[in-house]
Structures are given as C-alpha cells and as structure tokens.
Amino acid sequence: MAIAVMTHAPTQPTVNYADLPTHVQDHFDKLMELADNAANATEYEALMTALIAITGITGVRHNEIVKCACTACYCDHVFDADDSNALVTEETDAGYNLGRLQCPDCADSHPRPVEN
Ligand SMILES: [Zn+2]
Ligand SMILES: [Zn+2]
C-alpha cells in the first residue's frame with residue numbers, strides 16, 4: 001500500500017547562507033540582486049517569495065528576508081527582515097528595495113549605529 005511521506009521541514013526562522021547547497025546560494029544571490037533592483041513592489045514581493053521558498057525559512061512576518069549586512073564579522077545569517085531584534089544599519093530610500101540589516105545576534109554582540 002502507498003504510504004504518504006511527510007516532508008515538512010521543521011520550523012526554522014533563520015538559515016546560514018554557508019549551509020545552503022551551492023546551487024541554492026547561486027540562486028539566492030541572483031534573486032537578491034534582482035530584488036535589490038526591483039522596479040516595483042509587486043516584482044519585489046515575487047522575488048522575496050521565491051527567496052523565502054528556496055531558503056526554507058519559515059515564520060517570516062512580512063514576506064521579506066535579508067542576509068546579515070554586518071561589517072564587524074563574517075556573519076552569513078539569512079533572516080526575517082522584520083525581526084524586531086534585527087538592527088537596521090542603513091535605511092532603504094525607495095521603500096521597497098533591500099535595506100541593510102544586522103541579524104539579531106550581531107545586533108546584540110556588536111551593534112552598529114545607522115549612518116546618515
Ligand atoms: Zn549577523
Ligand atoms: Zn556580526
């Protein structure tokens with residue numbers, strides 16, 4: 001008899017970029033680049049949806065993830081951009097393209113003030 005195989009991944013709010021398979025990293029880089037240069041919010045949302053799907057991150061609040069932009073270490077955390085513990089180091093100007101954020105761990109260990 002056929003047995004249904006459940007392949008649901010456990011909940012994971014963050015992933016390490018380095019832990020992603022190489023082909024996923026390549027895909028991730030390309031999608032992030034496109035998202036950063038997205039012409040409008042609809043395009044950005046679609047790219048973010050794809051990014052969240054390929055990384056397997058779950059529980060994202062507002063359909064937006066980022067790779068840690070910490071300059072104090074070689075952190076490669078990919079996390080929910082709306083995590084209340086993340087620290088914005090550079091605001092976005094257009095309102096929908098990527099901002100530069102430190103992940104909660106970096107925000108806690110070596111926070112960097114917003115530069116104007
Ligand atoms: Zn970090
Ligand atoms: Zn850091």
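Residues numbered from 1 in each chain as written. Chains lettered and ligands numbered in written order. Predicted model: local features only at pLDDT ≥ 70, side-chain atom pairs only at ≥ 80, totals over all residues. Heavy atoms only, no water.

### Digging into the overall build of the chain
- For the chain, the helix and strand inventory stands at three helices and five strands.
- For the chain, the N- to C-terminal ordering of α and β elements is β-α-α-β-β-β-β-α.
- When each of the 116 residues of the chain is scored for burial, the buried share is 35%.
- For the chain, long-range pairs separated by at least 24 residues make up 49% of all intrachain contacts whose partners lie at least 6 apart in sequence.
- Total accessible area on the chain stands at roughly 7,400 Å², and carbon and sulfur atoms take up 52% of it. (Helix = DSSP H or I, 4+ residues; strand = E, 2+ residues; numbered from the N terminus. Buried < 20%, exposed > 50% of the residue type's maximum accessible area, 1.4 Å probe, protein only. Contact = heavy atoms within 4.5 Å. Areas by Shrake-Rupley, 256 points an atom, 1.4 Å probe, with all protein chains shown as cover.)

### Some thoughts on the coordination of the zinc ion (ligand 1)
- Around the zinc ion (ligand 1), the donor atoms from the protein are Cys68 (SG), Cys75 (SG), Cys103 (SG) and Cys106 (SG), and they sit 2.2 to 2.4 Å away.
- For the zinc ion (ligand 1), the four donor atoms in the first shell make angles of 105 to 114 degrees at the metal, so the coordination geometry reads as tetrahedral. (Donors = N, O, S within 2.8 Å, 3.2 Å for Na, K, Ca; no water. Tetrahedral: all angles 85-135°; square planar, octahedral: opposite > 155°, others 65-115°.)

### Thoughts on the coordination of the zinc ion (ligand 2)
- Donor atoms from the polypeptide that coordinate the zinc ion (ligand 2) comprise Cys70 (SG), Cys73 (SG), Cys106 (SG) and His110 (NE2), at 2.2 to 2.3 Å from the metal.
- Along the chain, the residues donating to the zinc ion (ligand 2) are arranged with the sequence spacing C-x2-C-x32-C-x3-H.
- The metal-metal distance between the zinc ion (ligand 2) and the zinc ion (ligand 1) comes to 4.2 Å, with Cys106 coordinating both. A residue pair is termed long-range when its members are at least 10 positions apart, and Cys70 in the loop between strand S2 (65-67) and strand S3 (77-80) and Cys106 in helix H3 (residues 104-109) qualify at 36 residues. Considered together, Cys70 and Cys106 belong to a single accessibility category, that of buried residues.

### Some thoughts on unusual backbone geometry
- Here Asn63, not a glycine, exhibits a phi torsion of approximately 55 degrees, which is positive.
- Residue placement: Asn63 occurs in the loop between helix H2 (41-55) and S2.

### A closer look at the sheet that holds S2
- Within the open sheet, the three strands sit side by side as S1-S3-S2. Their pairing is antiparallel. In this open sheet, the two strands that pair with only one neighbour each are strand S1 (14-16) and S2. Across this sheet, the average inter-strand angle for adjacent strands is 20 degrees, counted without regard to direction.
- Note that S2 and S3 share three bridges and pair antiparallel. Paired with Val66 across the two strands is Phe79, which belongs to S3.
- Its contacts with the sheet place helix H1 (residues 22-36) against S2 and S3, and it is angled at close to 110 degrees to S2.
- In the packing of H2 onto the sheet, the strands contacted are S1, S2 and S3, and the crossing angle to S2 comes to about 70 degrees. (Pairing = 2+ DSSP bridges. Axes fitted to C-alpha atoms, helices over the stretch in contact; angles between N-to-C directions.)

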